[in-house]
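Structure assessment
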Amino acid sequence: MKKFVLGVFFLLISTYPLYAAVASVAVAPIAAGVAGGATAAPGVRVKLDTATFATGCFWCTQAQFQQLKGVKKVFAGYSGGHVPHPTYQQVCTGATGHAESCNIIYDPAQITFDELLEAFFVAHDPTTLNRQGNDVGTQYRSEIFYHNARQKERALYYIAKLNKEKAYPNPIVTQVEPFTSFYVAEHYQQDYYNLHGTQPYCRHVIQPELEKFKKVFADKLISATGHENNPYYSNTDIKHLYVTNAEWKKILPPALYATAREAATEKAFTGQYWNQNAKGTYYCAVCGNLLFRSDAKFSSTCGWPSFMEPVRKNSVIYRADNAYGMKRTEVLCGRCESHLGHIFDDGPPPTHKRYCMNSISLDFHPDK
Ligand SMILES: [Zn+2]
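Residues numbered from 1 in each chain as written. Predicted model: local features only at pLDDT ≥ 70, side-chain atom pairs only at ≥ 80, totals over all residues.

Attention now moves to the overall build of the chain. From N to C terminus, the chain includes ten helices and 19 strands. Across the 368 residues of the chain, 42% fall into the buried class. Taking the contacts inside the chain whose residues are at least 6 apart along the sequence as the reference set, 68% of them involve residues at least 24 apart. (Helix = DSSP H or I, 4+ residues; strand = E, 2+ residues; numbered from the N terminus. Buried ≥ 20, exposed ≤ 12 C-beta atoms within 10 Å, placed from the backbone. Contact = placed C-beta atoms within 7 Å.)

Looking now at the pairing of strand β5 (residues 99-106). Buried residues dominate β5, accounting for eight of its eight residues. Burial along β5 is two-sided: the residues Ala 99, Ser 101, Asn 103 and Ile 105 and Glu 100, Cys 102, Ile 104 and Tyr 106 are all buried.

Strand pairs in the sheet, formed through backbone hydrogen bonds, run parallel or antiparallel to each other. Spatial strand order, β12-β11-β19: three strands in an open sheet with antiparallel pairing. What marks the edges here is a single partner per strand, and that holds for β12 (290-293) and β19 (362-366). Across the sheet, the mean angle from the axis of one strand to that of its neighbour is 30°, orientation sign disregarded. As judged from the three bridges shared by strand β11 (residues 280-284) and β12, these two strands associate in the antiparallel manner. Each residue of the ladder has a partner; that of Thr 281, found in β12, is Arg 293. (Pairing = 2+ DSSP bridges. Axes fitted to C-alpha atoms, helices over the stretch in contact; angles between N-to-C directions.)

Once that is clear, we can look at the sheet that holds strand β18 (residues 354-357). Here we have six strands laid out as an open sheet, ordered β13-β14-β18-β17-β16-β15, and antiparallel in their pairing. Unpaired on one side and paired on the other, β13 (297-298) and β15 (316-321) mark the two borders of the sheet. As paired elements, strand β17 (residues 339-344) and β18 share four bridges and run antiparallel to each other. Residue pairing for β18: Phe 344 is matched across the bridge by Arg 354.

Turning next to the confidence of the model for the chain. Of all residues in the chain, 86% have pLDDT values of 70 or greater, and the mean over the chain is 84. Confidence drops under a pLDDT of 50 for residues 1-43, and excluding neighbours within four residues, the segment shows 80 contacts in the predicted structure. (pLDDT = per-residue confidence, 0-100.)

Both strand β8 (residues 142-146) and strand β9 (residues 175-178) contribute to a ladder of four bridges, which runs parallel. Following the sheet pairing, Phe 145 is matched in β9 by Glu 177.

Right, let's talk about helix α10 (residues 254-262) for a bit. Taken as a whole, α10 has its buried residues at Leu 256, Tyr 257, Thr 259, Ala 260 and Arg 261. Contacts from the buried residues of α10 go to α9 (245-251) and β17. Downstream of α10 by a residue or two, Ala 263 has a phi angle that is positive, lying close to 60°.

We now examine the nonpolar core. Nonpolar side chains in soluble globular proteins tend to end up buried together. Grouped together as the largest cluster of nonpolar side chains are 48 residues, with contacts concentrated most on Trp 59, Cys 102, Ile 104, Tyr 106, Leu 116 and Phe 120. No other element matches helix α5 (residues 113-123), which puts seven residues into this core. Those residues within four positions of Trp 59 in sequence are excluded, and the remaining contacts are Ala 76, Tyr 192, Tyr 193 and Ile 206. Counting 30 residues, the second-largest nonpolar core is a separate cluster that includes Tyr 232, Tyr 282, Val 331 and Leu 362. (Core = buried A, V, L, I, M, F, W, Y, C linked by C-beta atoms within 7 Å.)

Going from Pro 349 to Pro 350, the amide bond is cis rather than trans, its omega being 5°. Here Pro 350 is to be found in the loop between β17 and β18. You will see that Asn 130, though not glycine, has its phi angle at about 55°, which is positive. Structurally, the position occupied by Asn 130 is in the loop between α5 and β6 (131-132).

Looking at the element boundaries, Phe 292 is found in strand β12. Sequence separation between Phe 292 and Gly 280 is twelve residues, and the spatial gap between their C-alpha atoms is 8.8 Å. If we skip the residues at most four places from it in the chain, Phe 292 touches Tyr 282, Lys 297, Phe 307, Pro 310 and Val 311.

By secondary structure assignment, the location of Arg 261 is in helix α10. Take Arg 261: there are 21 C-beta atoms within 10 Å of it, and that puts it in the buried class. When the C-alpha positions of Arg 261 and Leu 332 are compared, they lie 10.0 Å apart, and in sequence the two are 71 residues distant. Discounting chain neighbours no more than four positions away, the residues touching Arg 261 are Asn 245, Trp 248 and Ser 338.

Okay, the packing of α5 against helix α6 (residues 149-164) next. Between α5 and α6, the shortest axis-to-axis distance is 10 Å and the interhelical angle comes to 45°. Relative to α6, the element α5 is oriented oblique. The handedness of the crossing between α5 and α6 comes out as right-handed. Between α5 and α6, the residues in contact are Phe 113, Asp 114, Leu 117 and Phe 121 and Gln 151, Arg 154, Ala 155, Tyr 158 and Leu 162, respectively. A per-class count over the contact of α5 with α6 returns six nonpolar, one polar and two charged. (Parallel < 35°, antiparallel > 145°, perpendicular 65-115°, else oblique. Left-handed = near helix turned anticlockwise from the far one by under 90°. Nonpolar A, V, L, I, M, F, W, Y, C, P; charged D, E, K, R; others polar.)

Between helix α3 (residues 58-65) and helix α8 (residues 200-216), the shortest axis-to-axis distance is 10 Å and the interhelical angle comes to 30°. Judged by the inter-axis angle, α3 sits roughly parallel to α8. Considering only the axes of α3 and α8, their crossing is right-handed. Contacts between α3 and α8 involve Trp 59, Cys 60, Ala 63 and Gln 64 from the first element and Ile 206, Glu 209, Leu 210 and Phe 213 from the second. Across the contact of α3 with α8, the residue classes break down as six nonpolar, one polar and one charged.

Here you go:
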(Lines give C-alpha, C1' and ligand atoms only; values in the text may rest on other atoms or scores of the structure.)
Protein backbone atom coordinates (compact mmCIF):
# COMPACT_ATOMS: atom_id res chain seq x y z
CA MET A 1 0.00 0.00 0.00
CA LYS A 2 1.09 3.52 -0.73
CA LYS A 3 2.48 5.27 2.28
CA PHE A 4 1.41 8.78 3.12
CA VAL A 5 3.38 11.60 4.66
CA LEU A 6 0.99 12.93 7.23
CA GLY A 7 3.25 15.23 9.22
CA VAL A 8 2.09 18.50 7.76
CA PHE A 9 -1.45 17.23 7.45
CA PHE A 10 -1.79 16.42 11.12
CA LEU A 11 -0.31 19.73 12.10
CA LEU A 12 -3.20 21.22 10.18
CA ILE A 13 -5.64 19.07 12.10
CA SER A 14 -4.28 20.53 15.30
CA THR A 15 -4.85 24.02 14.06
CA TYR A 16 -8.10 24.13 12.13
CA PRO A 17 -11.62 23.02 12.91
CA LEU A 18 -12.94 20.30 10.67
CA TYR A 19 -16.28 19.14 9.51
CA ALA A 20 -16.91 15.68 10.90
CA ALA A 21 -18.51 13.84 8.05
CA VAL A 22 -20.55 10.70 8.54
CA ALA A 23 -17.79 8.22 9.26
CA SER A 24 -16.91 5.87 6.50
CA VAL A 25 -14.14 3.61 7.66
CA ALA A 26 -13.50 2.32 4.15
CA VAL A 27 -12.09 5.56 2.81
CA ALA A 28 -8.41 6.34 2.28
CA PRO A 29 -6.29 6.69 5.43
CA ILE A 30 -6.08 10.46 5.39
CA ALA A 31 -9.80 10.96 5.09
CA ALA A 32 -10.50 8.20 7.59
CA GLY A 33 -8.40 10.07 10.10
CA VAL A 34 -10.55 13.12 9.75
CA ALA A 35 -13.90 11.43 9.43
CA GLY A 36 -13.37 9.06 12.34
CA GLY A 37 -15.97 10.82 14.46
CA ALA A 38 -18.85 8.41 14.23
CA THR A 39 -20.79 10.15 16.96
CA ALA A 40 -20.93 13.54 15.30
CA ALA A 41 -23.86 14.39 13.09
CA PRO A 42 -23.10 15.40 9.52
CA GLY A 43 -22.17 19.05 9.26
CA VAL A 44 -21.43 19.45 12.97
CA ARG A 45 -18.22 21.35 13.46
CA VAL A 46 -15.80 19.34 15.53
CA LYS A 47 -12.28 20.48 16.27
CA LEU A 48 -10.01 17.50 16.52
CA ASP A 49 -6.53 17.42 17.99
CA THR A 50 -3.60 15.09 17.63
CA ALA A 51 -1.27 13.46 20.13
CA THR A 52 1.72 11.44 18.99
CA PHE A 53 3.05 8.86 21.42
CA ALA A 54 5.62 6.09 21.29
CA THR A 55 5.19 3.39 23.93
CA GLY A 56 6.93 0.39 22.38
CA CYS A 57 5.24 -1.92 19.89
CA PHE A 58 2.62 0.15 18.09
CA TRP A 59 0.20 -2.77 17.81
CA CYS A 60 -0.27 -2.53 21.56
CA THR A 61 -0.41 1.29 21.70
CA GLN A 62 -3.03 1.37 18.99
CA ALA A 63 -5.20 -1.27 20.67
CA GLN A 64 -5.04 0.59 23.98
CA PHE A 65 -5.85 4.10 22.81
CA GLN A 66 -8.65 2.85 20.56
CA GLN A 67 -10.50 1.98 23.77
CA LEU A 68 -10.82 5.55 24.98
CA LYS A 69 -13.94 7.60 24.62
CA GLY A 70 -13.20 10.70 22.53
CA VAL A 71 -10.39 9.05 20.59
CA LYS A 72 -11.57 9.10 17.00
CA LYS A 73 -8.82 7.31 15.17
CA VAL A 74 -5.43 5.84 15.96
CA PHE A 75 -2.82 5.33 13.25
CA ALA A 76 0.20 3.12 13.77
CA GLY A 77 3.33 4.59 12.21
CA TYR A 78 6.83 5.94 12.56
CA SER A 79 7.97 9.21 14.15
CA GLY A 80 11.17 10.87 15.20
CA GLY A 81 13.52 9.52 12.55
CA HIS A 82 15.66 11.01 9.82
CA VAL A 83 14.84 8.76 6.84
CA PRO A 84 11.79 9.71 4.76
CA HIS A 85 9.16 7.04 4.02
CA PRO A 86 10.71 4.33 6.14
CA THR A 87 9.52 0.75 5.83
CA TYR A 88 8.86 -1.46 8.82
CA GLN A 89 11.95 -3.50 7.96
CA GLN A 90 14.10 -0.36 7.94
CA VAL A 91 12.66 0.90 11.22
CA CYS A 92 13.28 -2.53 12.81
CA THR A 93 17.02 -2.16 12.27
CA GLY A 94 17.01 0.93 14.49
CA ALA A 95 19.07 2.75 11.83
CA THR A 96 16.35 5.18 10.69
CA GLY A 97 15.96 6.76 14.12
CA HIS A 98 12.19 6.28 14.11
CA ALA A 99 10.15 5.09 17.04
CA GLU A 100 7.10 2.92 16.52
CA SER A 101 4.44 5.51 17.30
CA CYS A 102 0.76 6.21 17.15
CA ASN A 103 -0.96 9.32 15.88
CA ILE A 104 -4.00 9.67 18.09
CA ILE A 105 -6.77 11.83 16.67
CA TYR A 106 -9.08 12.93 19.46
CA ASP A 107 -11.93 15.25 20.27
CA PRO A 108 -10.70 17.54 23.08
CA ALA A 109 -14.31 18.15 24.10
CA GLN A 110 -14.49 14.48 25.10
CA ILE A 111 -10.96 13.67 26.26
CA THR A 112 -8.18 16.05 27.23
CA PHE A 113 -4.49 15.87 26.41
CA ASP A 114 -3.84 15.45 30.15
CA GLU A 115 -6.06 12.37 30.18
CA LEU A 116 -4.21 11.00 27.17
CA LEU A 117 -0.95 11.59 29.03
CA GLU A 118 -2.29 9.65 32.01
CA ALA A 119 -3.13 6.85 29.61
CA PHE A 120 0.34 7.12 28.07
CA PHE A 121 1.99 6.46 31.44
CA VAL A 122 -0.25 3.47 32.13
CA ALA A 123 0.06 2.05 28.60
CA HIS A 124 3.72 1.07 29.02
CA ASP A 125 6.73 1.11 31.30
CA PRO A 126 8.30 4.57 30.83
CA THR A 127 11.36 3.66 32.90
CA THR A 128 13.04 1.13 30.62
CA LEU A 129 15.40 2.76 28.14
CA ASN A 130 14.80 1.67 24.54
CA ARG A 131 12.93 -1.36 25.67
CA GLN A 132 9.42 -2.71 26.38
CA GLY A 133 9.49 -6.26 27.65
CA ASN A 134 11.22 -8.42 25.07
CA ASP A 135 11.09 -5.67 22.43
CA VAL A 136 14.52 -4.05 22.50
CA GLY A 137 15.91 -1.19 20.38
CA THR A 138 15.56 2.56 19.96
CA GLN A 139 12.46 1.94 17.79
CA TYR A 140 10.73 0.80 21.01
CA ARG A 141 11.67 3.88 23.03
CA SER A 142 9.24 5.83 25.15
CA GLU A 143 8.61 9.24 23.63
CA ILE A 144 6.10 12.06 23.50
CA PHE A 145 6.18 14.08 20.27
CA TYR A 146 4.53 17.33 21.26
CA HIS A 147 2.54 19.37 18.71
CA ASN A 148 2.57 22.67 20.59
CA ALA A 149 4.01 24.43 23.63
CA ARG A 150 1.09 23.44 25.82
CA GLN A 151 1.56 19.72 25.07
CA LYS A 152 5.27 20.08 25.85
CA GLU A 153 4.55 21.82 29.15
CA ARG A 154 2.01 19.17 30.22
CA ALA A 155 4.31 16.28 29.25
CA LEU A 156 7.21 17.72 31.26
CA TYR A 157 4.87 18.48 34.15
CA TYR A 158 3.64 14.88 34.35
CA ILE A 159 7.12 13.42 34.14
CA ALA A 160 8.35 15.69 36.95
CA LYS A 161 5.26 14.92 39.03
CA LEU A 162 5.49 11.15 38.63
CA ASN A 163 9.21 11.18 39.36
CA LYS A 164 8.65 13.33 42.45
CA GLU A 165 5.91 11.01 43.69
CA LYS A 166 8.14 8.03 42.95
CA ALA A 167 5.28 6.52 40.98
CA TYR A 168 7.77 4.05 39.52
CA PRO A 169 10.71 2.38 41.25
CA ASN A 170 13.04 3.90 38.63
CA PRO A 171 13.19 7.35 37.02
CA ILE A 172 11.17 8.00 33.87
CA VAL A 173 13.27 7.92 30.68
CA THR A 174 10.54 9.16 28.32
CA GLN A 175 11.90 11.57 25.73
CA VAL A 176 9.94 14.74 24.99
CA GLU A 177 10.66 16.11 21.53
CA PRO A 178 8.87 18.35 19.02
CA PHE A 179 6.72 16.55 16.46
CA THR A 180 8.27 16.72 13.01
CA SER A 181 6.75 13.96 10.90
CA PHE A 182 4.60 10.88 11.09
CA TYR A 183 4.63 8.17 8.46
CA VAL A 184 1.61 5.87 8.55
CA ALA A 185 2.85 2.29 8.77
CA GLU A 186 2.07 -0.38 6.21
CA HIS A 187 -1.55 -1.44 5.79
CA TYR A 188 -0.95 -4.81 7.45
CA GLN A 189 0.32 -3.08 10.61
CA GLN A 190 -2.95 -1.21 11.18
CA ASP A 191 -5.49 -2.58 13.65
CA TYR A 192 -3.23 -5.56 14.10
CA TYR A 193 -4.68 -6.60 17.44
CA ASN A 194 -8.28 -6.24 16.29
CA LEU A 195 -7.62 -8.36 13.22
CA HIS A 196 -5.26 -10.95 14.72
CA GLY A 197 -6.32 -11.11 18.37
CA THR A 198 -5.85 -14.86 18.59
CA GLN A 199 -2.19 -14.86 17.52
CA PRO A 200 0.29 -15.75 20.30
CA TYR A 201 1.93 -12.29 20.51
CA CYS A 202 -1.50 -10.67 20.74
CA ARG A 203 -2.77 -13.11 23.34
CA HIS A 204 0.34 -13.25 25.54
CA VAL A 205 1.77 -9.75 25.21
CA ILE A 206 -0.93 -7.31 24.07
CA GLN A 207 -4.02 -8.77 25.70
CA PRO A 208 -2.74 -8.64 29.32
CA GLU A 209 -1.53 -5.07 28.78
CA LEU A 210 -4.86 -4.15 27.25
CA GLU A 211 -6.83 -5.68 30.14
CA LYS A 212 -4.71 -3.76 32.66
CA PHE A 213 -5.23 -0.55 30.69
CA LYS A 214 -9.00 -1.06 30.51
CA LYS A 215 -9.21 -1.64 34.25
CA VAL A 216 -7.44 1.62 35.04
CA PHE A 217 -9.54 3.62 32.58
CA ALA A 218 -12.84 1.82 33.08
CA ASP A 219 -14.81 5.06 33.27
CA LYS A 220 -13.24 6.46 30.11
CA LEU A 221 -13.78 3.53 27.79
CA ILE A 222 -15.99 3.36 24.77
CA SER A 223 -18.87 0.97 25.45
CA ALA A 224 -18.07 -2.74 25.58
CA THR A 225 -19.35 -3.28 22.08
CA GLY A 226 -17.67 -0.17 20.70
CA HIS A 227 -20.71 1.50 19.17
CA GLU A 228 -18.98 4.89 19.22
CA ASN A 229 -16.77 3.68 16.41
CA ASN A 230 -19.56 1.90 14.58
CA PRO A 231 -21.16 4.26 12.07
CA TYR A 232 -23.89 1.71 11.23
CA TYR A 233 -25.21 1.30 14.76
CA SER A 234 -28.72 2.66 15.25
CA ASN A 235 -31.70 1.62 17.37
CA THR A 236 -34.13 3.36 15.04
CA ASP A 237 -32.84 3.03 11.46
CA ILE A 238 -34.37 -0.04 9.82
CA LYS A 239 -32.73 0.33 6.41
CA HIS A 240 -31.03 -2.92 5.37
CA LEU A 241 -27.24 -2.83 5.67
CA TYR A 242 -24.85 -4.17 3.07
CA VAL A 243 -21.50 -4.11 4.83
CA THR A 244 -18.68 -6.52 4.01
CA ASN A 245 -17.08 -8.71 6.64
CA ALA A 246 -13.77 -7.01 5.93
CA GLU A 247 -15.34 -3.77 7.06
CA TRP A 248 -17.13 -5.27 10.08
CA LYS A 249 -13.81 -6.76 11.13
CA LYS A 250 -12.35 -3.28 11.44
CA ILE A 251 -15.28 -2.05 13.51
CA LEU A 252 -16.35 -4.85 15.84
CA PRO A 253 -14.52 -6.22 18.89
CA PRO A 254 -12.90 -9.57 17.91
CA ALA A 255 -15.21 -11.76 20.01
CA LEU A 256 -18.36 -10.13 18.63
CA TYR A 257 -17.02 -10.38 15.09
CA ALA A 258 -16.29 -14.10 15.52
CA THR A 259 -19.83 -14.86 16.69
CA ALA A 260 -21.84 -12.40 14.66
CA ARG A 261 -19.98 -12.61 11.37
CA GLU A 262 -18.40 -16.05 11.46
CA ALA A 263 -21.15 -17.87 13.37
CA ALA A 264 -18.96 -18.94 16.28
CA THR A 265 -21.08 -20.14 19.21
CA GLU A 266 -20.37 -18.81 22.66
CA LYS A 267 -19.98 -21.42 25.38
CA ALA A 268 -23.24 -22.31 27.17
CA PHE A 269 -23.72 -20.64 30.57
CA THR A 270 -20.95 -18.09 29.89
CA GLY A 271 -22.86 -15.25 28.20
CA GLN A 272 -24.12 -12.14 29.87
CA TYR A 273 -27.87 -12.75 29.39
CA TRP A 274 -28.64 -16.47 29.58
CA ASN A 275 -30.06 -16.20 33.12
CA GLN A 276 -31.10 -12.55 33.10
CA ASN A 277 -34.71 -11.72 34.03
CA ALA A 278 -34.63 -7.92 33.97
CA LYS A 279 -37.30 -6.07 31.99
CA GLY A 280 -36.06 -4.36 28.88
CA THR A 281 -35.29 -4.62 25.20
CA TYR A 282 -32.69 -6.62 23.31
CA TYR A 283 -31.04 -5.13 20.23
CA CYS A 284 -28.55 -6.48 17.71
CA ALA A 285 -25.07 -5.81 19.12
CA VAL A 286 -23.70 -5.29 15.62
CA CYS A 287 -26.19 -2.82 14.13
CA GLY A 288 -28.61 -1.87 16.94
CA ASN A 289 -31.66 -3.42 15.27
CA LEU A 290 -34.64 -4.01 17.59
CA LEU A 291 -34.92 -7.78 18.21
CA PHE A 292 -36.63 -9.03 21.40
CA ARG A 293 -38.54 -7.81 24.43
CA SER A 294 -37.89 -9.33 27.83
CA ASP A 295 -41.59 -10.41 27.95
CA ALA A 296 -40.79 -13.01 25.28
CA LYS A 297 -37.80 -14.36 27.20
CA PHE A 298 -38.19 -17.57 29.15
CA SER A 299 -35.83 -19.37 31.45
CA SER A 300 -34.22 -22.14 29.56
CA THR A 301 -31.84 -24.78 30.78
CA CYS A 302 -29.73 -24.65 27.62
CA GLY A 303 -27.38 -21.92 28.87
CA TRP A 304 -28.19 -19.36 26.16
CA PRO A 305 -30.78 -16.56 26.28
CA SER A 306 -34.03 -17.95 24.84
CA PHE A 307 -37.04 -16.11 23.45
CA MET A 308 -40.48 -17.18 22.19
CA GLU A 309 -40.69 -14.57 19.45
CA PRO A 310 -39.04 -11.44 18.07
CA VAL A 311 -40.61 -8.00 18.47
CA ARG A 312 -41.32 -7.69 14.76
CA LYS A 313 -41.60 -10.41 12.18
CA ASN A 314 -38.82 -8.86 10.12
CA SER A 315 -36.56 -8.24 13.11
CA VAL A 316 -34.85 -11.47 12.14
CA ILE A 317 -34.42 -13.61 9.05
CA TYR A 318 -33.88 -17.35 8.75
CA ARG A 319 -31.46 -19.54 6.85
CA ALA A 320 -31.08 -23.31 6.62
CA ASP A 321 -27.98 -24.46 8.46
CA ASN A 322 -26.76 -27.99 7.75
CA ALA A 323 -23.35 -27.62 9.38
CA TYR A 324 -22.01 -30.34 11.69
CA GLY A 325 -24.38 -32.92 10.17
CA MET A 326 -27.41 -31.25 11.79
CA LYS A 327 -30.47 -29.80 10.11
CA ARG A 328 -31.01 -26.53 11.93
CA THR A 329 -32.39 -23.10 11.15
CA GLU A 330 -30.05 -20.21 11.70
CA VAL A 331 -31.45 -16.90 12.95
CA LEU A 332 -29.87 -13.72 11.61
CA CYS A 333 -30.46 -10.05 12.26
CA GLY A 334 -32.99 -8.75 9.76
CA ARG A 335 -31.05 -5.52 9.24
CA CYS A 336 -27.36 -6.50 9.12
CA GLU A 337 -27.62 -10.28 8.64
CA SER A 338 -25.35 -11.00 11.58
CA HIS A 339 -25.56 -14.44 13.14
CA LEU A 340 -27.66 -14.40 16.31
CA GLY A 341 -28.24 -18.11 16.98
CA HIS A 342 -30.74 -20.82 15.99
CA ILE A 343 -34.47 -21.50 16.30
CA PHE A 344 -35.96 -24.74 17.65
CA ASP A 345 -39.50 -26.09 18.02
CA ASP A 346 -39.28 -26.92 21.73
CA GLY A 347 -40.30 -23.55 23.19
CA PRO A 348 -43.25 -22.86 25.47
CA PRO A 349 -46.78 -21.97 24.23
CA PRO A 350 -48.20 -20.11 22.49
CA THR A 351 -45.42 -20.04 19.85
CA HIS A 352 -43.64 -23.28 20.86
CA LYS A 353 -40.52 -21.74 19.41
CA ARG A 354 -37.17 -21.27 21.11
CA TYR A 355 -34.97 -18.55 19.67
CA CYS A 356 -31.67 -19.72 21.12
CA MET A 357 -29.37 -16.69 20.96
CA ASN A 358 -25.76 -15.84 21.72
CA SER A 359 -25.58 -13.22 24.46
CA ILE A 360 -22.69 -11.48 22.78
CA SER A 361 -24.80 -10.77 19.68
CA LEU A 362 -27.33 -8.93 21.85
CA ASP A 363 -27.36 -5.51 23.48
CA PHE A 364 -29.73 -5.15 26.41
CA HIS A 365 -31.31 -1.84 27.34
CA PRO A 366 -33.17 -2.08 30.66
CA ASP A 367 -36.54 -0.33 30.97
CA LYS A 368 -36.30 3.00 32.72
ZN1 LIG B 1 -27.96 -6.36 13.17
